[in-house]
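Letter by letter, the chains look like this.
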Amino acid sequence: MTETAPGRDRAAVLRKRIRIIVAITITWNVIEAFVAIAAGGAASSAALIGFGLDSIVEVLSAAAVAWQFSAPEPQRRERVALRVIAASFFALAVYVSVDAVLSMVGLRQPEHSTVGIIIAALSLLVMPFLSWFERRTGRELGSATAVADSKQTLICTYLSAAVLIGVLLNSLLGWAWADSVAALTIAVFAVREGVEAWRGDACCAVPAAVLTGERTEGCCAEDDPDDDGCRNACCAADTQR
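Residues numbered from 1 in each chain as written. Predicted model: local features only at pLDDT ≥ 70, side-chain atom pairs only at ≥ 80, totals over all residues. Heavy atoms only, no water.

Trainee: I'd like a rundown of the packing of aromatic side chains, residues and numbers included.
Mentor: How two aromatic rings sit relative to each other is set out by the distance from centre to centre and by the angle between their planes. Under the counting rule described, the total for this entry stands at three aromatic pairs. Measuring from centroid to centroid gives 5.9 Å for Phe129 and Phe133, while their planes differ by 15°, and the two rings are stacked. With a gap of four residues between them, Phe129 and Phe133 both fall in helix 4 (residues 114-141), about one helical turn apart. Exposure remark for Phe133: the relative accessible area of 25% places this residue in the partly exposed category. (Phe/Tyr/Trp six-rings, centres within 6.5 Å; stacked < 30°, edge-to-face > 60°. Helix = DSSP H or I, 4+ residues; strand = E, 2+ residues; numbered from the N terminus. Buried < 20%, exposed > 50% of the residue type's maximum accessible area, 1.4 Å probe, protein only.)

Structure below.
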């Protein structure tokens, strides 16, 4: 069946919206990375330096989405983009874990950082909105990559909260171990989301073919040539919840 004009127009609007969201995310994270790494270096704060490096990982993830949606047929690049996003999750988990352990054994002693507190607090305000907007758009478009990237942004939100709490507790109470414990929790989340992105579990989003009218919505369509087993597995998981 040929795409209907309204469906094609709507899909184009959603792709443009994702490109805008990704551009905003990249711009914010570049600023965040520069400020956090500079503040962390000045205060010898492993948490803030890790936070800045996480922002670089977020830029990599967003860039993968931007690369995908720069193509005339973004779905052809989706699998590669998902692999990049998954790898960024795993890299984040490894760094945060190592950094947290080094802090817990006393090899690093963070100092107070007003700039670090401000940038973490601002991130806690900005990131949830960007994550929600990208996930909502990605689900409507049927883009597993956009949904996976929105989860990466959400992980950044959690890390912002962990860094903010850790830096505050260290500044106010001298609890240098607090941000390390929170960071290890974030690492667990990062590994889980990385596994889901690698498997393509984010494909529970509504397929673009439904949006454009090429086929009707169905959870586990066995005759769907574009399913590739991903959506069926996702639906099966949903029925068990």
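Trainee: Please provide a residue-by-residue account of the packing of helix 2 (residues 46-68) against helix 3 (residues 78-104), values included.
Mentor: How two helices pack is summed up by the angle between their axes together with the distance between the axes. Remark: helix 2 packs on helix 3, axes separated minimally by 9 Å, with the N-to-C direction vectors making an angle of 175°. Between helix 2 and helix 3, the crossing angle belongs to the class labelled roughly antiparallel. (Axes fitted to C-alpha atoms, helices over the stretch in contact; angles between N-to-C directions. Parallel < 35°, antiparallel > 145°, perpendicular 65-115°, else oblique.)

Trainee: Give a detailed account of the pattern of salt bridges, specifying residues and quantitative values.
Mentor: According to the stated counting rule, one finds one salt bridge in the structure shown. Salt-bridge contacts for Arg10 lead to Glu140; the nearest nitrogen and oxygen are separated by 2.9 Å. In this pair, Arg10 sits in helix 1 (residues 5-43) while Glu140 sits in helix 4, placing the two residues 130 residues apart along the sequence. Taking relative accessible area as the criterion, Arg10 reaches 29% and is therefore assigned partly exposed. On the basis of relative accessible area, Glu140 is assigned to the partly exposed category, the value being 28%. (Salt bridge = Lys/Arg side-chain N within 4 Å of Asp/Glu carboxyl O.)

Trainee: Residue-level account of the nonpolar core, with values.
Mentor: Among the nonpolar cores identified, the biggest contains 44 residues, and Ile18, Ile85, Leu92 and Val163 are the most heavily contacted of them. Of all the elements in the fold, those that place two or more residues in this core are helix 1, helix 2, helix 3, helix 4, helix 5 (144-173) and helix 6 (178-199). Among the elements that line this core, the one with the most residues is helix 5, at ten residues. Excluding residues within four positions of it along the chain, Ile18 makes contact with Val65, Phe69, Thr137, Gly138, Leu141 and Ala146. (Core = buried A, V, L, I, M, F, W, Y, C linked by side-chain atoms within 4.5 Å. Contact = heavy atoms within 4.5 Å.)

Just distances and angles here, no functional claims.
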